[in-house]
Amino acid sequence: MLTLSSDFGTPYPAAMKGVFLSNTDARLVDVSHEFPRQDVRTAAFWLREVLPYFPPAVHLVVVDPGVGTDRAALVVRAGDHALVGPDNGVLRPVARQLAEGDDIEAFVIDDDEADSSTFHGRDVFAPAAAAVHEVGIDHIESLDRCTPADGIEQLSFPEPTHRDDAIAGEVLVVDGFGNAITNVPGEVLDDSFGDSITVNDEQAPVERSYAHVESGERLVTVGSHENVELAVNRGRGERAFDVGVGDPVVLTDV
Amino acid sequence: MLTLSSDFGTPYPAAMKGVFLSNTDARLVDVSHEFPRQDVRTAAFWLREVLPYFPPAVHLVVVDPGVGTDRAALVVRAGDHALVGPDNGVLRPVARQLAEGDDIEAFVIDDDEADSSTFHGRDVFAPAAAAVHEVGIDHIESLDRCTPADGIEQLSFPEPTHRDDAIAGEVLVVDGFGNAITNVPGEVLDDSFGDSITVNDEQAPVERSYAHVESGERLVTVGSHENVELAVNRGRGERAFDVGVGDPVVLTDV
Amino acid sequence: MLTLSSDFGTPYPAAMKGVFLSNTDARLVDVSHEFPRQDVRTAAFWLREVLPYFPPAVHLVVVDPGVGTDRAALVVRAGDHALVGPDNGVLRPVARQLAEGDDIEAFVIDDDEADSSTFHGRDVFAPAAAAVHEVGIDHIESLDRCTPADGIEQLSFPEPTHRDDAIAGEVLVVDGFGNAITNVPGEVLDDSFGDSITVNDEQAPVERSYAHVESGERLVTVGSHENVELAVNRGRGERAFDVGVGDPVVLTDV
């Protein structure tokens, strides 16, 4: 199985699919091609949340603002999975998640002969991912184009800080519904369901899901990623709480 | 075969695909993940129009503004098909269409152990749909998690009314091209092609397809759903006729 | 293998998939359903760029502003591939590319019995594409619904002109990143990398890829289609160069 993730929109992913299908009969599954363009952090967050639900697979990931520069092209073995994409940090959080504490092994893909300098998804990563799929995740080192890498680019998400009776975190991403997903672990709300807490100096109820408040009303809940989420029932939480990616979220009275 | 329909946009559907593929080798087919968010009626309309073109399959449907409340999670057997989704009416029109006059049987899915309160698509519906696929549509009752339901939530579309020489209907949905699809059956236009009729007090030609009028001109036609449609050749009918979902459409001189 | 391309957005493509899957077990691959609506030229460009990366397949193409008029419905055999779609020019550039100099053979599909006049993607093209897939690309003439066509509608892209020390081309399409893709072959830049050239009277650096200039800065590069492209690193080239589809692009000092 091969999964595809990118910020390409359309129709560039289809060229990658054509390359795949010229090299393998594997099942192809689109994860998303609508990651915010050239936003490595947001893609890294979503990949970490989503890819662990898949059975062992080769995951192509192309969010690659540095295409055609000297950033390396990588294959990363993480647990039973392989990740193929640019060495810009986008692979790191999901690799750690998939490895479940085991070592991550990285290989540099030789891209000297790429047909283009602007579309390595098609010309470097897709052929490499197909080759990894065909040879098997346990045999990446048998591919001539792959040589062991020194390491992979770091990318980590900030941890919330606890001070007195407050927890100070931040918004990591805003999803398509407008839910502002923070870096605060949901368990801090364990004793607060049905009560209200203070978010950035304003009161909001803590509920198990959106429809526990009236339509259009704000709430604080635990999202499916198990983090605290600022939401509005049938509305957009990021607007009601006036926060965007990277903005501070201070919870008090928890 | 498993089909997927939701209002999730991206990338949440990928988590559901990962769950599917961890539980079944079935073919996956995306119907749409771009249904208007939390708009149960519009999704119900499109599912009724589209799913009957599929061969027998298990259809996952997640347009679920009440996730995490006490609305039931259902499996519905309708003809040779099964539908899996929330009991909020979204399943009803398509179930009736697929059943073709036969009985509809509904089962409640036990969701007490769901990992989240906010993403039952991933944590309740996708595992249930995979299980139904694996056991077979004729054997839903053999699944421990499924118990017979008392019924399913109603949702029906309004019928047009005939008065004197006029037919009064309404706009059910507006499609991506801007065609305003009404609840008036197309057969009322059978004798009018090439003529003009009156729509909400304004004249418009009745034509078999869009390009029978000049680019930018209005027309009344019969859409692929066999209903009367208000359209503009290479333009947006809902703007030219100044109508939106739920607005009245009165046809006279038919 | 069957590929699907259209300007339908959602959810109309799902009806075509249902028809396919009722008639064939073939693998289905979405190329794009987000081609600009009723824009035959842009779709023709992208199909020519993308479909040649696929192994032999039947390609359904529905960008069809003339649906329901007397424009023919076609099957086109081009090399090892077949294309199925309306005879409005959209098939021509990709057919020539796939045929690689060999003859293109076209067949008219009998559409007299179509269920609708407004959705031939579902009612004419999808069933024909499934039939072509099942009978095989070498046996199109054995299908009763297919009769030899006199030819296919022309559509070609303008060639750039060379005058004195300048090359005068135009913008063919703007991609989702905002890159303005011209009709000027990339090889004219072969000796200019690292230098700057003049684009419509303004200077811009020539670079191998986007990130060779600072974020927000303009550049001229060779895109993955091997044409000259006007771009901005992490920004939108068409805005910075103030050009849209069809606008002239004059390169001097090359």
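Residues numbered from 1 in each chain as written. Chains lettered and ligands numbered in written order. Predicted model: local features only at pLDDT ≥ 70, side-chain atom pairs only at ≥ 80, totals over all residues. Heavy atoms only, no water.

Moving on: the sheet that holds strand S4 (residues 73-78) of chain B. Residue and element names in this part refer to chain B. The strand order across the open sheet built from seven strands is S2-S1-S3-S5-S4-S6-S7, with neighbouring strands paired in mixed fashion. Edge strands, defined here as strands with exactly one partner in the open sheet, are strand S2 (28-32) and strand S7 (146-148). Taken pair by pair, the neighbouring strands of this sheet meet at an average axis angle of 25°, ignoring direction. Note: strand S1 (residues 2-6) against S2, four bridges, orientation parallel. Directly across from Leu-2, in S2, lies its bridge partner Leu-28. Helix H1 (residues 12-23) rests against S1, S2 and strand S3 (58-62) of the sheet, and its axis sits at about 160° to S1. Packing against the sheet, helix H4 (residues 120-135) makes contact with S1, S3, S4, strand S5 (81-86) and strand S6 (104-109), and its axis sits at approximately 170° to S3. (Pairing = 2+ DSSP bridges. Helix = DSSP H or I, 4+ residues; strand = E, 2+ residues; numbered from the N terminus. Axes fitted to C-alpha atoms, helices over the stretch in contact; angles between N-to-C directions. Contact = heavy atoms within 4.5 Å.)

Counting from both sides, the interface comprises 28 residues of chain B and, opposite them, 28 residues of chain A. Where chain B abuts chain A, roughly 2300 Å² becomes buried across the two surfaces, and 59% of that area is made up of carbon and sulfur atoms. In this assembly, chain B and chain A are joined by twelve residue pairs in polar contact (both at pLDDT 80 or more). The greatest single-element share of the side of chain B that touches chain A, amounting to eight residues, is contributed by H1(B). Counted by class, the side of chain B that touches chain A contains twelve nonpolar, ten polar and six charged residues. (Buried area = accessible area lost by both parts, 1.4 Å probe. Polar contact = N/O pair within 3.5 Å; in protein donor to acceptor, adjacent residues only side chain to side chain. Nonpolar A, V, L, I, M, F, W, Y, C, P; charged D, E, K, R; others polar.)

Residues and elements named next belong to chain C. Tracing the chain through its elements places Thr-198 in strand S11 (residues 196-199). Judged by its relative accessible area of 9%, Thr-198 is buried. Setting aside chain neighbours within four positions, we find Thr-198 in contact with Gln-203, Val-250, Leu-251, Thr-252 and Asp-253. (Buried < 20%, exposed > 50% of the residue type's maximum accessible area, 1.4 Å probe, protein only.)

Okay, the relation of the copies chain C and chain B next. Under the fitted operation, chain C is carried onto chain B by 0.0 Å of movement along the axis and a turn of 120°, and the coordinates agree to an RMSD of 0.0 Å. Here the copies are linked by what is in effect a three-fold axis. The rotation axis passes nearest to the C-alpha of Arg27(C) in chain C, at a distance of 5.4 Å. Here only 4% of the interface residues in chain C have copies in chain B that are interface residues too; the copies meet through unlike faces. (Least-squares fit on C-alpha atoms with pLDDT ≥ 70 in both.)

Our focus in this paragraph is the interface of chain C and chain B. Every contact between the two is made by 28 residues of chain C and, on the other side, 28 residues of chain B. Taking both partners together, chain C and chain B bury about 2300 Å²; carbon and sulfur atoms supply 59% of that area. Looking only at chain C, the three residues that lose the most surface to chain B are Tyr12(C), Leu21(C) and Thr118(C), adding up to 25% of its buried area. Across the chain C-chain B interface, the total number found is zero salt bridges. Connecting chain C to chain B are twelve residue pairs in polar contact (both at pLDDT 80 or more). Here the side of chain C that touches chain B gets eight residues from one element, more than from any other, and that element is helix H1 (residues 12-23) of chain C. Taken together, the residues that form the side of chain C that touches chain B break down as twelve nonpolar, ten polar and six charged. (Salt bridge = Lys/Arg side-chain N within 4 Å of Asp/Glu carboxyl O.)

Another aspect to go through is unusual backbone geometry. Excluding glycine, most residues fall at negative phi; most peptide bonds, likewise, are trans. Residue and element names in this part refer to chain B. A cis geometry characterises the amide bond from Thr-10 onward to Pro-11, with omega recorded as 0°. The backbone phi angle of Glu-100 is positive, close to 50°, even though this residue is not glycine. Here Asp-242, not a glycine, exhibits a phi torsion of approximately 55°, which is positive. Looking at the secondary structure, you find Asp-242 in the loop between helix H5 (237-240) and strand S15 (248-252).

To continue, consider H1(B). Three- or four-residue spacings in an α-helix give side chains the same orientation, since the helix completes a turn every 3.6 residues. Residues and elements named next belong to chain B. Under the 1.5 Å per step criterion, the end-to-end length of H1 is 18 Å for twelve residues, consistent within 8% with the ideal 16 Å. In terms of residue burial, H1 counts as a mostly covered element, since ten of its twelve residues are buried. Turning to H1, its buried residues number three or more, namely Tyr-12, Pro-13, Ala-14, Ala-15, Met-16, Lys-17, Gly-18, Val-19, Phe-20 and Leu-21. (Expected span 1.5 Å × (residues − 1).)

The next thing to look at is the domain arrangement of chain A. Residue and element names in this part refer to chain A. Under the domain assignment used here, chain A contains domain 1 (2-148) and domain 2 (161-252). Of note, the centres of domain 1 and domain 2, computed from C-alpha atoms alone, are 33 Å apart. With four residues of domain 1 at the interface, the matching set in domain 2 holds five residues. In total, about 470 Å² of surface goes out of reach between domain 1 and domain 2, with carbon and sulfur atoms giving 71% of it. Summed over the three residues of domain 1 that lose the most area to domain 2, namely Phe-45, Trp-46 and Glu-49, the buried surface amounts to 72% of that side. In this assembly, domain 1 and domain 2 are joined by zero salt bridges. Inspection of the region where domain 1 meets domain 2 yields zero residue pairs in polar contact (both at pLDDT 80 or more). Tallied by class, residues from the side of domain 1 that touches domain 2 come to two nonpolar, one polar and one charged. (Domains from an automatic or database assignment.)

It is worth spelling out the relation of the copies chain B and chain A at this point. Laying chain B over chain A is done by rotating through 120° and shifting 0.0 Å along the axis; what remains is an RMSD of 0.0 Å. A distinct binding surface is used by each copy, with only 4% of the interface residues of chain B retained as interface residues in chain A.

Looking now at H4(B). All names here are of chain B. Relative to the 22 Å expected for 16 residues at 1.5 Å per residue, H4 spans 21 Å between its end C-alpha atoms, a close match to the ideal helical length. Judged by how many residues are buried, H4 sits mostly within the fold: twelve of 16 residues are covered. All buried positions along H4 are accounted for by His-120, Gly-121, Arg-122, Asp-123, Val-124, Phe-125, Ala-126, Ala-128, Ala-129, Ala-130, Ala-131 and Val-132.

Residue and element names in this part refer to chain C. A full pass over the atoms with the stated rule returns 21 aromatic pairs over all chains. Seen from their ring centres, Phe-45 and Phe-157 are 6.0 Å apart, and the 85° between their planes marks the pair as edge-to-face. Of this pair, Phe-45 sits in helix H2 (residues 40-50) while Phe-157 sits in the loop between strand S7 (146-148) and strand S8 (161-163), and the two are 112 residues apart along the sequence. The same class applies to Phe-45 and to Phe-157, which are both buried. (Phe/Tyr/Trp six-rings, centres within 6.5 Å; stacked < 30°, edge-to-face > 60°.)

In this section: a negative patch on the surface. A contiguous patch of negative charge, built from Glu187(B), Asp190(B), Asp191(B), Asp195(B), Glu226(B) and Asp115(C), is present on the exposed surface. Its location among the elements puts Glu226(B) in the loop between strand S13 (218-222) and strand S14 (227-232). (Patch = residues over 30% accessible without salt bridge, like charges linked within 9 Å, V, L, I, M, F, W, Y side chains within 5 Å. Areas by Shrake-Rupley, 256 points an atom, 1.4 Å probe, with all protein chains shown as cover. Lys, Arg positive; Asp, Glu negative; His and termini not counted. Charge placed at Lys NZ, Arg CZ, Asp CG, Glu CD.)

On to the pattern of salt bridges. Under the counting rule described, the total for this entry stands at 24 salt bridges over all chains. Where Glu105(C) meets Arg77(C), a salt bridge forms, and the shortest distance between an N and an O atom there is 3.0 Å. In this pair, Glu105(C) sits in strand S6 (residues 104-109) while Arg77(C) sits in strand S4 (residues 73-78), placing the two residues 28 residues apart along the sequence. Using a relative accessible area of 36% as the deciding quantity, one classes Glu105(C) as partly exposed. Between Arg218(C) and Glu202(C) there is a salt bridge, and its shortest N-O distance comes to 3.9 Å. With Arg218(C) in strand S13 (residues 218-222) and Glu202(C) in strand S12 (residues 202-205), this residue pair connects regions lying 16 residues apart in the sequence. Residue Arg218(C) is classed as buried on the basis of its relative accessible area, which comes to 18%. Its relative accessible area of 44% is what places Glu202(C) among the partly exposed residues. A cluster of three or more residues bridged by salt bridges with shared partners is formed by Arg77(A), Glu105(A) and Glu141(A).

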